[in-house]
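As a plain string of letters, each chain reads:
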Amino acid sequence: MKGISVGLLGMGTVGCGVVKIVENHQDKLIHQIGCPVSVKKALVKDLHKERSVSLQPDLLTLHSEEVLDDPEIDVVIEVMGGVEDTRHYILRALQNKKHVVTANKDLMAVYGSELLAAAAENKCDLFYEASVAGGIPILRSLVDGLASDRITKMMGIVNGTTNFILTKMDNEGSPYLEVLKEAQQLGFAEADPTADVDGLDAARKMAILSTLGFSMNIELDDVHVKGISAISSEDLQYSKKLGYTMKLIGIAHREKEKVEVSVQPTLLPKEHPLANVQNEFNAVYVYGEAVGETMFYGPGAGSLPTATAIVSDLVGVMKNKRLGVNGKSWVTPQFQKKLKEKEEVQAKHFLRIHVKDEVGVLSQITNIFSNKGVSFEKILQLPLKETALSEVVVVTHHASLQLYENLLDELEKLDYVEEIKSSYRVEGEVAV
Ligand SMILES: NC(=O)C1=CN([C@@H]2O[C@H](COP(=O)(O)OP(=O)(O)OC[C@H]3O[C@@H](n4cnc5c(N)ncnc54)[C@H](OP(=O)(O)O)[C@@H]3O)[C@@H](O)[C@H]2O)C=CC1
Ligand SMILES: N[C@@H](CC=O)C(=O)O
Ligand code: NA
């Protein structure tokens, strides 16, 4: 069998990792695939940029057709990011009967079903394990390892940058912007880190995970998203005081045939397995009706971890080629999408408000909670130094999202409520 020729679209953090793994693990690749693997061409923007791998002088190109239209290239690995141009490049690679491996969640969350259908039509594979939780083999675990089960819940820390920021802010009291800069220097953050901190990167990953896990076409717009940029050191301190840890959590929950998918800062009891996932690490908790609880943990970002998933996908392509089944692994979703209404989403909430420090205010607030049908599990009231205000912190019992939002609307209207400072979802019970 002739050697496998790979064309890369992009040679940045992840692309350089792919080159390193292909070089350093060649013996294992030959054993699995049955022939050597080599990188023939790589599309970049700047031919003269310094890279973390030494490359043959003619390996880099500024012309996409040198990768996409080269008949000697068998597999295209897309690690350049972006959506519209990238979509066209991948469609062209597939039309040219090249298998594609991508790490691009931005693209797969929006055009995944179109691209997978195009791949199947062209009898090509399109694999994207690296797009969710980097090096953790979570997509294969859902699609293959848990193929026989019905998955009802997935909860994940699926963005390394925000987990890194929250860990450093919480453990070391480091300022938000300083830690974000560190995450960028370490290569975890996206080219535009607002996608990380606004929760959009995690939302894309949750759309991909829930589409596969629930076999339902969950789109990005179906994911309710809130990022981490408004989290204050006070929120982190109160979380700790109440026995919780704050994490950016993706939640996908199915009850009967209806689902909710969200990404939001969430308070988890400090004993919760996801509460102990630190720094850039990711973890995905998956609950299946038959298997029960499972948890997948590992590096969700970074050059070599992400490249591991990509090169493993490449091995998958070659194994399929040997069996003659390329393009046959994609199946259309089994179920019609049905999203829960706000009345059907049940959760506990943390709420921090500033109110006038006057007699009777706390009892009026408790009355409003009970009138709106939201009861609380915990309440703290503390005077705010050098002001005529006090701070009220509440953790509610489970309530529907609709009742909780009605409550927030009502509180906002009251003249003794100065400001709603923060509101977060709470998952799980703190041990007493
Ligand atoms: N970094 C990570 O930890 C992870 C990244 N991903 C995903 O992997 C992909 C790549 O990420 P990463 O390696 O970090 O990104 P980088 O910014 O480090 O690398 C991007 C590469 O693509 C090239 N490139 C970008 N746009 C173009 C274009 N229009 N034409 C030609 N070349 C282009 C760049 O060229 P040049 O070098 O000349 O500028 C660079 O080599 C993204 O989709 C990202 O979301 C997924 C999981 C983890
Ligand atoms: N920016 C992403 C990279 C991996 O997908 C992250 O921080 O998780
Ligand atoms: Na993965």
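In case you missed it, the structure is sitting above this.
Only a predicted model underlies this, so the values are computations on that prediction, with no experimental measurement involved.

Colleague: How do you make sense of the overall build of the protein when you look at a structure like this?
Modeller: When its secondary structure is counted, the protein shows 14 helices and 17 strands. In terms of C-alpha radius of gyration, the protein reaches 24 Å, essentially the compact-globule figure of 22 Å for 432 residues. By principal-axis analysis of the C-alpha atoms, the protein measures approximately 85 × 45 × 35 Å. With 432 residues in all, the protein has 55% of them scored as buried. When contacts within the protein are restricted to residue pairs at least 6 apart in sequence, those whose partners lie at least 24 apart make up 73%. Split by element, the accessible area of the protein, about 19,600 Å² in all, is 51% carbon and sulfur. If the 46 positive side-chain charges of the protein are averaged to one point and the 60 negative ones to another, these points end up 4 Å apart.

Colleague: It is not clear to me how the site of ligand 1 should be interpreted in this structure. Could you clarify?
Modeller: Not every one of the 23 residues close to ligand 1 is listed here, only the nearest: Asp 46, Lys 49, Arg 51, Glu 190 and Gly 302. Interatomic distance of 2.6 Å between a side-chain N/O atom of Arg 51 and an oxygen atom of ligand 1. Relative to its free-state accessible area of 900 Å², ligand 1 is covered by the protein chains to the extent of 83%. Here the residues of the shell around ligand 1 are counted per class, giving nine nonpolar, eight polar and six charged.

Colleague: Where do I start with the environment of Glu 114 in this structure?
Modeller: Looking at the secondary structure, you find Glu 114 in helix H5 (residues 105-121). Residue classification places Glu 114 among the partly exposed positions, given a relative accessible area of 31%. Spatially, the C-alpha atoms of Glu 114 and Leu 304 are 29 Å apart, while their sequence positions differ by 190 residues. Leaving out residues up to four positions away in the same chain, Glu 114 has contacts with Arg 87 and Leu 91.

What counts, and at which threshold
Numbering of residues begins from 1 in every chain and follows the order in which that chain's sequence is written. As they are written, the chains are lettered A onward and the ligands numbered 1 onward, keeping that order. Per-residue local features of the predicted model are confined to residues with pLDDT of at least 70, and side-chain atom pairs are confined, for both listing and counting, to 80 or more; whole-chain, interface and lining totals are unaffected and use all residues. Computation of side-chain values: all heavy atoms of the structure, hydrogens and water removed. Numbering of helices and strands runs from the N terminus; a helix is a DSSP stretch of H or I covering at least four residues, while a strand is a stretch of E covering at least two. When we talk radius of gyration, it's over C-alpha atoms, and the globule rule is simply 2.2 Å times the number of residues to the 0.38. When accessible area is computed with a 1.4 Å probe and restricted to protein chains, residues below 20% of their type maximum are described as buried, those above 50% as exposed, and intermediate ones as partly exposed. Every residue pair with non-hydrogen atoms within 4.5 Å of one another is taken to be in contact. Each accessible area is a Shrake-Rupley estimate made with a 1.4 Å probe; only the visible protein chains count as cover when residues are assessed. Charge assignment in this entry is limited to Lys and Arg as positive and Asp and Glu as negative, and neither His nor the chain termini are counted. By convention, the point assigned to a charge is CZ for Arg, NZ for Lys, CD for Glu and CG for Asp. Think of it this way: one heavy atom of a residue within 4 Å of a molecule or strand is enough to make that residue near it. What qualifies as a polar contact is a pair of N or O atoms within 3.5 Å, subject to a donor-acceptor requirement within protein and to the restriction that residues adjacent in sequence count only when both atoms come from side chains. Under the scheme applied here, ten amino acids are nonpolar (Ala, Val, Leu, Ile, Met, Phe, Trp, Tyr, Cys and Pro), four are charged (Asp, Glu, Lys and Arg), and all others, including Gly, are polar.

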